[in-house]
Amino acid sequence: MSTYHQILVPVDGSLTSEKALDEAIRLAQLTGARLRLIHVADELSYVNGFESAMNYINEIIPLMREAGEKLLAHGKQKALDQGVSADTVLIEESPGRIWEHVVGQAKDMNANLIVVGSHGRRGIGRVLLGSDAEQIIRHATVPVLVLRTPAPE
């Protein structure tokens, strides 16, 4: 009997996120686990502070939703193509930080493992930008596998 039945994979379209998804698929193939891909729409990626409320509602939110849906559909299809069951969750327009949503989703689905990519920031960049992966590690109640892409030199 496998230790991993439910694996949660946060995806954001980055190289490290893709590496994490690939590793989660490999683990699921070995253990028979099911994947859940989660994407938390990060409005800071889409806004500059000068949008009107109507522009935000009519243009920015649909853009965030569409990008998140495409990202999740790509990841789900990648898993299905390799014989791994997967479902997806898109979180949008919700208060809280990304790591809080990931940890909450892991609890909600009874995940046995979280597989996440880390951007490998060091020094002042890490301090200023914070690290969702680090916060997931600190707050998750299940094991967390972190895949890292080295920071550019």
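Structural data are supplied above this passage.
Residues take numbers from 1 onward in each chain, read along the sequence in its written order. Per-residue local features are limited, in this predicted model, to residues with pLDDT of at least 70; the limit for side-chain atom pairs, both in listing and counting, is 80 or more; totals at the level of whole chains, interfaces and linings are taken over all residues. As a rule here, side-chain values cover all heavy atoms of the structure and leave hydrogens and water aside.

Can you explain the overall build of the chain? Please cite residues and give values.
Strands are runs of DSSP state E lasting at least 2 residues, helices are runs of H or I lasting at least 4, and numbering of each runs from the N terminus. Helix and strand counts for the chain come out as 5 helices and 5 strands. For the chain, the share of sequence-separated contacts (at least 6 apart) that also reach a separation of at least 24 residues comes to 77%. Residues are treated as being in contact if the distance between any of their heavy atoms lies within 4.5 Å.

I'd like to hear about the environment of glutamate 134, residue by residue, with values.
In this fold, glutamate 134 is placed in helix α5 (residues 132-139). Side-chain atoms alone can form a polar contact between residues adjacent in sequence; in general such a contact is a pair of N or O atoms within 3.5 Å, and within protein one must be able to donate a hydrogen while the other accepts it. A distance of 2.8 Å separates polar atoms of two side chains, one belonging to glutamate 134 and the other to arginine 138.

Could you give an account of the sheet that holds strand β4 (residues 113-118), naming the residues involved and the relevant values?
For two strands to count as paired, DSSP must find a minimum of two bridges between them. Pairing within the open sheet is parallel, and its 5 strands lie in the order β3-β2-β1-β4-β5. Looking at which strands have only one partner, the edges of the open sheet turn out to be β3 (86-91) and β5 (144-148). Neighbouring strand axes in the sheet, compared pairwise and without regard to direction, differ in orientation by 20° on average. In the sheet, strand β1 (residues 6-10) pairs with β4 via 2 bridges, with the strands oriented parallel. Note that in β4 the partner of isoleucine 7 across the bridge is leucine 113. Its contacts with the sheet put helix α3 (residues 98-108) on β1, β2 (34-40), β3 and β4, and the angle it makes with β2 is roughly 155°. Angular values range over 0 to 180 degrees, each being the angle between N-to-C directions of two axes fitted as lines to C-alpha atoms, with helices fitted over their stretch in contact.

Describe the pairing of β4, with residues and values.
Categorising residues by exposure relies on relative accessible area from a 1.4 Å probe, with only protein chains included: less than 20% of the type maximum marks a residue as buried, more than 50% marks it as exposed, and the intermediate range marks it as partly exposed. Of all 6 residues in β4, 6 are buried, a share of seventy percent or more. Alternating residues of β4 divide into Leu113, Val115 and Gly117 and Ile114, Val116 and Ser118, and every residue in both groups is buried. Both β4 and β5 contribute to a ladder of 5 bridges, which runs parallel. Counterpart to isoleucine 114 in the pairing with β5 is valine 144.

Which residues make up the environment of leucine 80, and what values do they have?
Here leucine 80 shows up in helix α2 (residues 53-81). Sequence spacing of leucine 80 and isoleucine 25 is 55 residues, and the spatial spacing of their C-alpha atoms is 9.3 Å. Apart from the residues lying within four places of it in its own chain, the contact partners of leucine 80 are Ser85 and Ala86.

An account of the nonpolar core is needed here, citing residue identities and associated values.
Here, the term nonpolar core denotes a set of buried Ala, Val, Leu, Ile, Met, Phe, Trp, Tyr and Cys residues that are joined through side-chain atoms within 4.5 Å. Membership of the largest hydrophobic core comes to 20 residues, with the highest contact counts inside it found for Ile7, Val9, Leu35, Leu37 and Val115. At the level of elements, β1, α1 (15-31), β2, α2 and β4 are the ones that each hand at least two residues to this core. Of all the elements, α1 adds the most residues to this core, at 6 residues.

With reference to specific residues and values, describe the pattern of salt bridges.
Oppositely charged side chains can pair when the atoms bearing their charge come close. Any carboxyl oxygen of Asp or Glu within 4 Å of a side-chain nitrogen of Lys or Arg constitutes a salt bridge here. The tally for this structure, following the rule as stated, stands at 8 salt bridges. Across the salt bridge formed by glutamate 18 and lysine 78, the nearest N and O atoms sit 2.6 Å from each other. Residue glutamate 18 is located in helix α1, and its partner lysine 78 is located in helix α2; the two are separated by 60 residues in the primary sequence. Aspartate 87 serves as the salt-bridge partner of arginine 36, at 3.0 Å between the closest nitrogen and oxygen. Placement of arginine 36 in strand β2 and of aspartate 87 in strand β3 is noted, with a sequence separation of 51 residues between them. Across this residue pair, the class does not change: arginine 36 and aspartate 87 are buried. A single network of salt bridges, built from pairs that share partners, joins Glu18, Asp22 and Lys78.

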